[in-house]
Amino acid sequence: LEEETIPGSSSPPLITSLAFDDQGTLWVAGYDGVLRGYDYEQTDANDQPLMLRQTRADHTVNVNSPILSVSIRDEIGCGVMTTLSRGVLLFSLEDGHILAEWNP
């Protein structure tokens, strides 16, 4: 995965959760508050997975709060993430867009 850094930091983000969906996207949640989606089914000219050499995520969503966990529900096309300060967020598996938010 990419070597992104948190602004003001020199280290890559702490990954807090990983989940695959049925469409071939690896969703990577970080304590930096960024959800990243990598398409692992794309292949190069040699039929090798692009994700192994991918430098940028296909989907990037900054939720501005450390992400604690991610769960995927392919049957409804959504994922759910829990965050430190924004509560629970429902997101689209198509593009990572936030669909709903609850802060109990």
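All of these numbers come straight from a predicted model, not from anything done at the bench. For every chain, the first residue of the written sequence is number 1, and numbering continues from 1 onward in sequence order. In view of the model being predicted, local features appear only for residues whose pLDDT reaches at least 70, and side-chain atom pairs are presented and counted only at 80 or more, with totals across whole chains, interfaces and linings using the full set of residues. Computation of side-chain values covers all heavy atoms of the structure but excludes hydrogens and water.

Here a strand is any run of E in DSSP of at least two residues, a helix any run of H or I of at least four, and the numbering for each starts at the N terminus. Tallying secondary structure elements over the protein gives zero helices and eight strands in all. In the protein, the succession of α and β elements from N to C terminus is β-β-β-β-β-β-β-β. In the protein, which comprises 104 residues, the proportion classed as buried is 40%. Residue contacts follow a heavy-atom distance rule, with two residues in contact if any of their heavy atoms lie within 4.5 Å. Residue pairs in contact within the protein that sit at least 24 positions apart in sequence constitute 31% of those at least 6 positions apart. Reported accessibility uses the Shrake-Rupley method at a 1.4 Å probe radius. Residues are deemed covered only where the shown protein chains occlude them. Just so you have it, the protein exposes about 6,100 Å², and 51% of that area is on carbon and sulfur atoms. Summary of the burial criterion: residues with accessible area below 20% of their type's maximum are buried, those above 50% are exposed, and those between are partly exposed, where the area comes from a 1.4 Å probe applied to protein chains only.

Further remarks concern the nonpolar core. The nonpolar core is taken to be a set of buried Ala, Val, Leu, Ile, Met, Phe, Trp, Tyr and Cys residues, with the residues joined through side-chain atoms within 4.5 Å. The biggest cluster of nonpolar side chains holds 13 residues, and the ones touching the most others in it are Leu35, Ile67, Val70, Ile72, Met81 and Phe91. When residues of this core are traced back to their parent elements, those giving at least two are strand E2 (25–30), strand E5 (67–73) and strand E7 (88–92). Considering each element in turn, this core owes the most residues, three residues, to E5. For valine 70, the contacting residues outside a window of four places in its chain are Ser17, Ala19, Ala29, Leu35, Val80, Met81 and Phe91.

The residue asparagine 64 is not glycine, and still its phi comes out positive at about 55 degrees. In this fold, asparagine 64 is placed in the loop between strand E4 (59–62) and E5. On the accessibility criterion, asparagine 64 (61% relative accessible area) is exposed.

To continue, consider a nonpolar patch on the surface. Together, Leu14, Tyr31, Leu68 and Leu84 give the surface a local cluster of nonpolar side chains, amounting to about 400 Å² of exposed area. On the secondary structure map, tyrosine 31 appears in the loop between E2 and strand E3 (34–39). Nonpolar side chains (Val, Leu, Ile, Met, Phe, Trp, Tyr) within 5 Å and like charges within 9 Å form the patches, drawn only from residues with over 30% relative accessible area and no salt bridge. Just to be clear on terms, a salt bridge is a Lys or Arg side-chain nitrogen sitting within 4 Å of an Asp or Glu carboxyl oxygen.

In this section: the pattern of salt bridges. Pairing of side chains with opposite charge becomes possible as their charged atoms draw close. Summed over the entire model, instances satisfying the criterion amount to two salt bridges. With a shortest N-O distance of 2.6 Å, arginine 86 and glutamate 101 are connected by a salt bridge. Taken together, the residues span a long stretch of sequence, with arginine 86 in the loop between strand E6 (78–83) and E7 and glutamate 101 in strand E8 (residues 98–102) at a distance of 15 residues. Assessed through its relative accessible area of 41%, glutamate 101 is described here as partly exposed.

Strand pairs in the sheet, formed through backbone hydrogen bonds, run parallel or antiparallel to each other. Pairing between strands is defined by DSSP: at least two bridges between the two strands are required. One open sheet holds the four strands; their spatial order is E1-E2-E3-E4, and the pairing between them is antiparallel. The sheet is open, and its two edges are formed by strand E1 (15–20) and E4, each paired on a single side. Within the sheet, the average angular offset between the axes of one strand and its neighbour, ignoring direction, is 15 degrees. Alignment of E3 against E4, held across four bridges, turns out to be antiparallel. Among the inter-strand pairings, arginine 36 is bridged to a residue of E4, identified as threonine 60. Axis angles are defined between N-to-C directions and span 0 to 180 degrees, where every axis is a line fitted to C-alpha atoms and, for a helix, only to the segment in contact.

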